[in-house]
Amino acid sequence: MSRVFSGVQPTGNIHLGNYLGALKQFVELQEENECLYCIVDEHAITVPQDPKELKKHILDVAALYMAVGVDPKKSIVFVQSQVSGHAELGWVLNCCANTGELFRMTQFKAKSAGKESVGAGLLTYPVLMAADILLYDTDIVPVGNDQKQHIELTRDLAIRVNNKYGKTFVVPDGRFLKAGARVMALDDPTSKMSKSAVNEHSRISLLDEPSKIKKSIMKSTTDSEGVIRFDIENKPGVSNLLSIYSALTGKTIEALEKDYEGHGYGDLKKDLVEVVVESLAPIQEKYKEIRESKELIDALNDGANRAEAIAQKTMKRVRDTFGLGL
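Anyway, here's the lowdown on the structure attached to this text. (Residues numbered from 1 in each chain as written. Predicted model: local features only at pLDDT ≥ 70, side-chain atom pairs only at ≥ 80, totals over all residues. Heavy atoms only, no water.)

Thoughts on the nonpolar core
In terms of nonpolar packing, the biggest core is built from 56 residues, with Leu16, Tyr19, Tyr65 and Val276 touching the most fellow members. Here this core gets 10 residues from one element, more than from any other, and that element is helix α12 (residues 265–291). Excluding residues that lie within four positions of it along the chain, leucine 16 makes contacts with Val183, Met193, Ile204, Leu206, Ile244, Leu248 and Leu280. Listed in part, the 39 residues of the second largest apolar core include Leu36, Val40, Ile76 and Val92. (Core = buried A, V, L, I, M, F, W, Y, C linked by side-chain atoms within 4.5 Å. Buried < 20%, exposed > 50% of the residue type's maximum accessible area, 1.4 Å probe, protein only. Helix = DSSP H or I, 4+ residues; strand = E, 2+ residues; numbered from the N terminus. Contact = heavy atoms within 4.5 Å.)

Examining empty space enclosed by the protein
Under the defined criterion, the tally for this structure stands at one cavity of 30 Å³ or more. Of the pockets and cavities examined, the largest cavity occupies roughly 60 Å³. Looking at the largest cavity, the residues that line it are Gln107, Phe108, Lys111, Leu122, Tyr125, Pro126 and His150. Secondary structure elements with two or more residues in the lining of the largest cavity: α6 (106–112) and α7 (120–134). Class assignment of the residues belonging to the lining of the largest cavity gives a composition of four nonpolar, two polar and one charged. (1 Å grid on protein atoms, 1.4 Å probe; cavity = no way out; pocket = protein on both sides within 12 Å on 5 of 7 lines; lining within 4 Å. Points joined across faces, edges and corners; volume = space filled by probe spheres on them. Nonpolar A, V, L, I, M, F, W, Y, C, P; charged D, E, K, R; others polar.)

Here we look at the packing of helix α3 (residues 51–67) against helix α13 (residues 294–322)
For the pair α3 and α13, interaxial distance at closest approach is 11 Å and the crossing angle is 90 degrees. In this view, α3 runs roughly perpendicular relative to α13, as classed from their interaxial angle. Between α3 and α13, the residues in contact are Leu59, Ala62, Ala63 and Met66 and Leu296, Ile297, Ala299 and Leu300, respectively. (Axes fitted to C-alpha atoms, helices over the stretch in contact; angles between N-to-C directions. Parallel < 35°, antiparallel > 145°, perpendicular 65-115°, else oblique.)

Notes on the packing of helix α4 (residues 85–94) against α13
Running from N to C, α4 and α13 point in directions that differ by 25 degrees, and their axes come no closer than 11 Å. Overall, the two elements α4 and α13 adopt an arrangement that is roughly parallel. As α4 packs across α13, the resulting crossing turns out to be left-handed. Residues Gly85, Glu88, Leu89 and Val92 of α4 lie in contact with α13, whose contacting residues are Met315, Val318, Arg319 and Phe322. Tallied by class, the residues present in the contact of α4 with α13 amount to five nonpolar, one polar and two charged. (Left-handed = near helix turned anticlockwise from the far one by under 90°.)

Here you go:
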């Protein structure tokens with residue numbers, strides 16, 4: 001079986017884009033692969049966090065993992081900071097990375113733009129991500145296309161070390177999402193749906209109440225043409241709504257276009273509200289069962305122990321490779 005690794009930051013509620021783009025894929029992958037799904041809390045502190053809120057969000061994300069169908073008996077679900085190898089390997093890889101390639105990262109450029117100074121962690125974030133992946137001899141990394149550059153850096157670092165010191169790391173492959181799985185912001189369909197957006201109606205979080213879901217969808221940006229058809233370039237708002245509808249129901253875009261021929265945007269939005277509310281209801285119900293349970297903590301501790309066993313084998317090999325320790 002191939003080994004899969006992916007992680008989600010505990011910085012706010014997981015939204016519909018995270019679910020359709022990543023978490024649904026996590027559930028599918030665990031059936032035929034050895035999967036490690038991590039809550040990457042060390043990545044979260046590259047920007048200031050409220051410690052109490054961060055601890056809460058760690059458990060929120062873990063409970064949502066399980067509520068959408070990630071099975072801690074089939075997959076290893078754990079918290080990044082509970083496995084020391086992430087930070088240790090992150091330092092080793094920092095010593096192999098070049099500042100130039102880190103400064104060229106598009107996400108660093110975007111997040112540091114216009115700021116006089118940013119934390120060093122923001123610059124070295126992709127190296128810690130590489131460590132997360134390489135620590136587990138990962139074969140496949142399911143990510144969005146916006147992470148493609150980070151996967152390329154991970155591969156470059158692995159190959160660099162392997163060429164210099166001999167085979168040390170498995171060189172992973174990214175499994176990139178299909179274009180249709182990318183969910184855009186409801187208020188600005190030219191931008192990806194984001195947890196950090198100021199406007200709460202730009203996204204639908206998995207734990208949103210039906211009233212909030214309705215308001216967000218009904219306020220969503222469309223256009224003045226009044227025709228329901230899929231055209232990302234000219235009709236990004238309507239195309240985004242159709243993509244969400246299709247992803248949640250399994251109906252093809254073509255079938256939806258036919259269903260809504262002659263209808264206005266209001267009809268599409270009202271029906272989509274029902275689809276989203278009905279789709280999220282069982283996830284929300286399962287989440288409430290799991291969130292305060294002892295089983296959640298037990299699953300995370302068990303996952304950390306299982307992840308640690310894999311990580312220590314890798315770190316022994318890395319220490320030997322670099323001549324570290326006794």
